[in-house]
There are 2 protein chains.
Amino acid sequence: MRLHATWLLLLSFAVAAQPLVVEKQRFTLDTFTTANGQVIAPVNIGWEAYGKLNADKSNVILITHFFSGSSHAAGKYQADDAAPGYWDAIIGPGKAIDTNKFYVISSDTLVNANVFDSNVITTGPASINPATNKPYGLSFPVVTIGDFVEVQKALLDSLGIEKLHAVIGPSMGSFQAIEWAVRYPDKVQRLIPVIGSAYMDTYSVIKLQRWAYPILQDPEWNNGNYYDKGQPWQGLSTALAYITQDALHPDGFNPRYPAISADTELHQHIDAQPLAWQQLLAQARLRAEKQDANHILYLVRASQLWRAGMADNWQQAVSRISAKTLFLPASGDLLLPPALSKHSEQAMTAAGNTPQYAEIPGNFGHLDGVVGISAVADKITALLD
Amino acid sequence: MRLHATWLLLLSFAVAAQPLVVEKQRFTLDTFTTANGQVIAPVNIGWEAYGKLNADKSNVILITHFFSGSSHAAGKYQADDAAPGYWDAIIGPGKAIDTNKFYVISSDTLVNANVFDSNVITTGPASINPATNKPYGLSFPVVTIGDFVEVQKALLDSLGIEKLHAVIGPSMGSFQAIEWAVRYPDKVQRLIPVIGSAYMDTYSVIKLQRWAYPILQDPEWNNGNYYDKGQPWQGLSTALAYITQDALHPDGFNPRYPAISADTELHQHIDAQPLAWQQLLAQARLRAEKQDANHILYLVRASQLWRAGMADNWQQAVSRISAKTLFLPASGDLLLPPALSKHSEQAMTAAGNTPQYAEIPGNFGHLDGVVGISAVADKITALLD
């Protein structure tokens, strides 16, 4: 009897915890001019929303996604989806970003990595150029974090939304969030850059180039013209493997992959490859199915070019931010280490703002900004209140 | 007059600080059998020494070199050499490793990276196989840190040296130093692993594979058969560029390379490359002149296979060490981070040894184990006393 009651209680929790069912929507801009003066026509991006827009449209929170991510920040498309959106732990009814209060919008970026995922809508080098009826390939213009923001701005304009209660995003999403607050200080009331930075230091720019390198060196890449022959799988998988490793701290990485041992081919044959490497590449090859090599190159470039304000003085740019701000780096992050959030926070402080700063604990490094976000749920709630 | 006196004083310091003039010597083993049972005949390695061997040969300190290094640990070959050996700051008369007291021997490893440096003597895939009169290429056997140690052991045996006052080495040199203390606990009285580890974790093994990747993917590498056509320069330079970056902390790296700015090709052309990347590669290309792509692959493998004792339980292996031990990781090291030294020290402590542990401060990360070694000179002196 007691067991039965417990069971019912658990069941009621399970019902309460059932994720939102969400729907992908499409936003189309007939024509978009990039910061470089190039025209893309049309631009399509996907978006989804959680919660209800209130009457005066004052309860909007924008979520901006990370490099390998998409607009799927919370909920499930079907109740039996294997996993919900990446920040489902903090977005939903009664959660840190409470969809009983807020209307939460999340959008795909231009050149999204997962262009062949049926739940992603994006425009990039793999998209058909209506002028030629072929994929753009490298004729697609270089796009920047500023361009990502302008497309999102057009989406919000189309919905009649003029103020953002907050902009929140992890990693490359933090770049977009910060750029929102720099460009539209009167629209952005709160800003939470998670595992982020207001600029890319040279060290990080080079690390990003190392992600691009295996694609660029793969003969199958063929200068970006591979759409009729199939992707440069070797280069693409290797790039994705590097991204996986760089997003993890050794403490999170090591337990997942086999260590070197005595009875291995490696001791006998110089051309043998470590088992851990083989596994990492095999996992990356599976993910590669939904991704596009050129899109990775364009995302690398957009990230390399990132500095707040997109000009030569990011510190001056962040001085324009009026949003109440909370930086949330991850303590063990080796990709965008806490020092970058710290520098960003210090530049804002020097300009008279009063940003807050707290670190996300955990063993997964950069990835803790996604999988470990619950640890700072209360800090997010407090900033949003 | 006062100025003059100061000048004389400075001059006398300059004279006192003049480096040792050292000479490269050759050690030949007619035949050497690797841990895998492969025969290399002959093996040649270079070595140099600083100080004087005492009558009972009890004052010997062995220095083991890092991945990109050589036996040139101190002094100069010619008084007008641009720079002395890498640890000249701590090796010499009156220095931390005092050549007035100690006879310091430093030897080249097998498969040394700098095989085309006239001051390096090594045997590896670029060496001529007397059986074919052609370079070994990939027919050269996989060699391990254990093999490096056995060749050094043969060198010391040839000199009649039966005890080591200490074995000291940075990075891959720490692997050799630890293996010495594991294999020959009765011979090794003191052990100083600098920026080192008693094992390679899987995360580091994969990072090493990423150094090999550009070489393996370069068509000019041609499965290691390139000696009649010239090296795979692109792959080799890229590998060396990665090594440079990985050996540096961002705080040491960023000031050396240009940051992204607004007036760059990168904004206009997706196939443009960051200036910092171009500079890093150009510097690496210069270094590549003295190095060999296959040697890098063999050093990567030797490093990947490293764990104390070269079997499946490195913790058990380090329990055999009786040497008085001092671990000296660098605080900002992102290549072999302090955690690895800490784990090594903890395993020895658990086995009843009493290793010491101190961190090298600085902005250069792993490289602080070379360029910042003076900061821990007093700790080295204390252990040697």
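Residues numbered from 1 in each chain as written. Chains lettered and ligands numbered in written order. Predicted model: local features only at pLDDT ≥ 70, side-chain atom pairs only at ≥ 80, totals over all residues. Heavy atoms only, no water.

Colleague: I keep staring at the environment of asparagine 129 of chain B and nothing clicks. Help me out?
Modeller: Residues and elements named next belong to chain B. Turning to its location among the elements, asparagine 129 is positioned in strand β9 (residues 128-129). Measuring from C-alpha to C-alpha, the distance between asparagine 129 and glycine 92 comes to 38 Å, with 37 residues separating the pair along the chain. Not counting residues up to four positions away in its chain, the partners in contact with asparagine 129 are Lys134, Pro135 and Tyr136. Engagement of the side chain of asparagine 129 in a polar contact is seen with the backbone nitrogen of alanine 131, the distance being 2.9 Å. (Helix = DSSP H or I, 4+ residues; strand = E, 2+ residues; numbered from the N terminus. Contact = heavy atoms within 4.5 Å. Polar contact = N/O pair within 3.5 Å; in protein donor to acceptor, adjacent residues only side chain to side chain.)

Colleague: Can you help me understand the pattern of salt bridges in this one?
Modeller: Once their charged atoms are close, side chains differing in charge can pair, the charge on each being opposite to the other. If you walk through the whole model with that rule in mind, you get 18 salt bridges over all chains. Residue lysine 24 of chain A pairs with glutamate 48 of chain A through a salt bridge whose shortest N-O separation is 2.9 Å. With lysine 24 of chain A in the loop between α1 (2-16) and β1 (25-29) and glutamate 48 of chain A in strand β4 (residues 43-50), this residue pair connects regions lying 24 residues apart in the sequence. Residue classification places glutamate 48 of chain A among the buried residues on the basis of a relative accessible area of 0%. A salt bridge links lysine 95 of chain B to aspartate 88 of chain B, with the shortest nitrogen-to-oxygen separation between them at 3.1 Å. Here lysine 95 of chain B falls in the partly exposed class, since its relative accessible area comes to 26%. For aspartate 88 of chain B, a relative accessible area of 10% gives the class buried. Through salt bridges with shared partners, a single ionic network connects Glu150, Glu179 and Arg183 of chain A. (Salt bridge = Lys/Arg side-chain N within 4 Å of Asp/Glu carboxyl O. Buried < 20%, exposed > 50% of the residue type's maximum accessible area, 1.4 Å probe, protein only.)

Colleague: How should I be thinking about unusual backbone geometry in this particular structure?
Modeller: Of all residues except glycine, most have a negative phi; of all peptide bonds, most are trans. All names here are of chain A. With an omega of -5 degrees, the peptide bond between alanine 41 and proline 42 qualifies as cis. Structurally, the position occupied by proline 42 is in the loop between β3 (39-40) and β4. If you check the backbone angles, isoleucine 195 has positive phi at about 35 degrees while not being a glycine. Checked against the element boundaries, isoleucine 195 lands in the loop between β12 (190-194) and α4 (202-217). By relative accessible area, which is 1% here, isoleucine 195 ends up buried.

Colleague: What exactly am I supposed to notice about the relation of the copies chain A and chain B here?
Modeller: Of the transformation placing chain A onto chain B, the axial shift is 0.0 Å and the rotation is 180 degrees, giving an RMSD of 0.0 Å. Here the symmetry operator amounts to a two-fold rotation axis. Of the interface residues in chain A, 98% have counterparts in chain B that sit at the interface too, so the contact is made through matching surfaces. (Least-squares fit on C-alpha atoms with pLDDT ≥ 70 in both.)

Colleague: Please explain the nonpolar core as it appears in this structure.
Modeller: Buried together is how nonpolar side chains tend to be arranged in soluble globular proteins. Counting residues in each nonpolar core, the largest one holds 94 residues, and the members touching the most others are Ile105 and Ile178 of chain A. Look past the residues within four positions of isoleucine 178 of chain A in its chain and what remains in contact with it is Leu191, Pro193, Ser197, Ala198, Trp306, Ala308, Val318, Ile321 and Phe327 of chain A. Formed by 93 residues, the second largest nonpolar core is a distinct cluster that contains Ile145, Phe253, Ile296 and Met310 of chain B. (Core = buried A, V, L, I, M, F, W, Y, C linked by side-chain atoms within 4.5 Å.)

Colleague: How should I be thinking about the packing of aromatic side chains in this particular structure?
Modeller: In this description, a pair of aromatic rings is defined by centroid distance and the angle of the planes. In total, this model carries 28 aromatic pairs over all chains according to the counting rule given. Arranged with centres 5.8 Å apart and planes meeting at 75 degrees, the rings of phenylalanine 140 of chain A and tyrosine 298 of chain A form a pair that is edge-to-face. Within this pair, whereas phenylalanine 140 of chain A is found in the loop between β10 (134-135) and α2 (145-158), its partner tyrosine 298 of chain A is found in helix α8 (residues 293-304), the two being separated by 158 residues in sequence. Tyrosine 298 of chain A matches phenylalanine 140 of chain A in its accessibility class, with the two residues each being buried. Pairing phenylalanine 175 of chain B with tryptophan 306 of chain B gives two aromatic rings, centres 5.4 Å apart and planes at 10 degrees, and the pair type is stacked. (Phe/Tyr/Trp six-rings, centres within 6.5 Å; stacked < 30°, edge-to-face > 60°.)

Colleague: Could you clarify how one ought to interpret the side chain of aspartate 108 of chain A in this entry?
Modeller: Residue and element names in this part refer to chain A. Relative to the assigned elements, aspartate 108 resides in the loop between β8 (103-107) and β9 (128-129). Put simply, aspartate 108 is tucked away with no salt bridge, and the nearest opposite charge, on lysine 24, sits 4.1 Å away. A polar atom in the side chain of aspartate 108 sits 3.0 Å from the backbone nitrogen of isoleucine 121. In this view, aspartate 108 contacts Lys24, Ile45, Gly46, His65, Ser70, Ser71, Asn119, Val120 and Ile121; residues no more than four positions away in its chain are not counted. (Lys, Arg positive; Asp, Glu negative; His and termini not counted.)

Colleague: It is not clear to me how the sheet that holds strand β14 (residues 356-357) of chain B should be interpreted in this structure. Could you clarify?
Modeller: Sheet strands associate in pairs through backbone hydrogen bonding, adopting either a parallel or an antiparallel arrangement. Residue and element names in this part refer to chain B. The eight strands are arranged β1-β4-β8-β5-β11-β12-β13-β14 in an open sheet whose pairing can be described as mixed. Strands at the two margins of the open sheet, each flanked by one partner only, are β1 (25-29) and β14. Of the strand pairs in this sheet, strand β4 (residues 43-50) and strand β8 (residues 103-107) are connected by four bridges, and their pairing is antiparallel. Across the sheet, residue tryptophan 47 finds its bridge partner in β8, namely serine 107. Each of β5 (60-64), β11 (166-170), β12 (190-194) and β13 (324-327) is contacted by helix α3 (residues 172-183), which is oriented at about 155 degrees to β11, the strand it contacts most. In the packing of helix α12 (residues 377-384) onto the sheet, the strands contacted are β5, β11, β12, β13 and β14, and the crossing angle to β12 comes to about 160 degrees. (Pairing = 2+ DSSP bridges. Axes fitted to C-alpha atoms, helices over the stretch in contact; angles between N-to-C directions.)

Colleague: Sorry if this is basic, but what is going on with the interface of chain A and chain B here?
Modeller: Often, the extent of an interface is quoted as the loss of accessible area upon association of its parts. At the junction of the two partners, chain A supplies 54 residues and chain B supplies 53 residues. Between chain A and chain B, the buried area comes to about 5000 Å², and carbon and sulfur atoms account for 59% of it. Looking at the side of chain A facing chain B, the largest losses of area belong to Tyr203, Arg210 and Ile270 of chain A, adding up to 17% of the total buried there. Linking chain A with chain B are two salt bridges. Here arginine 210 of chain A ties to aspartate 246 of chain B by a salt bridge, and the two come within 3.0 Å at their closest N and O atoms. (Buried area = accessible area lost by both parts, 1.4 Å probe.)

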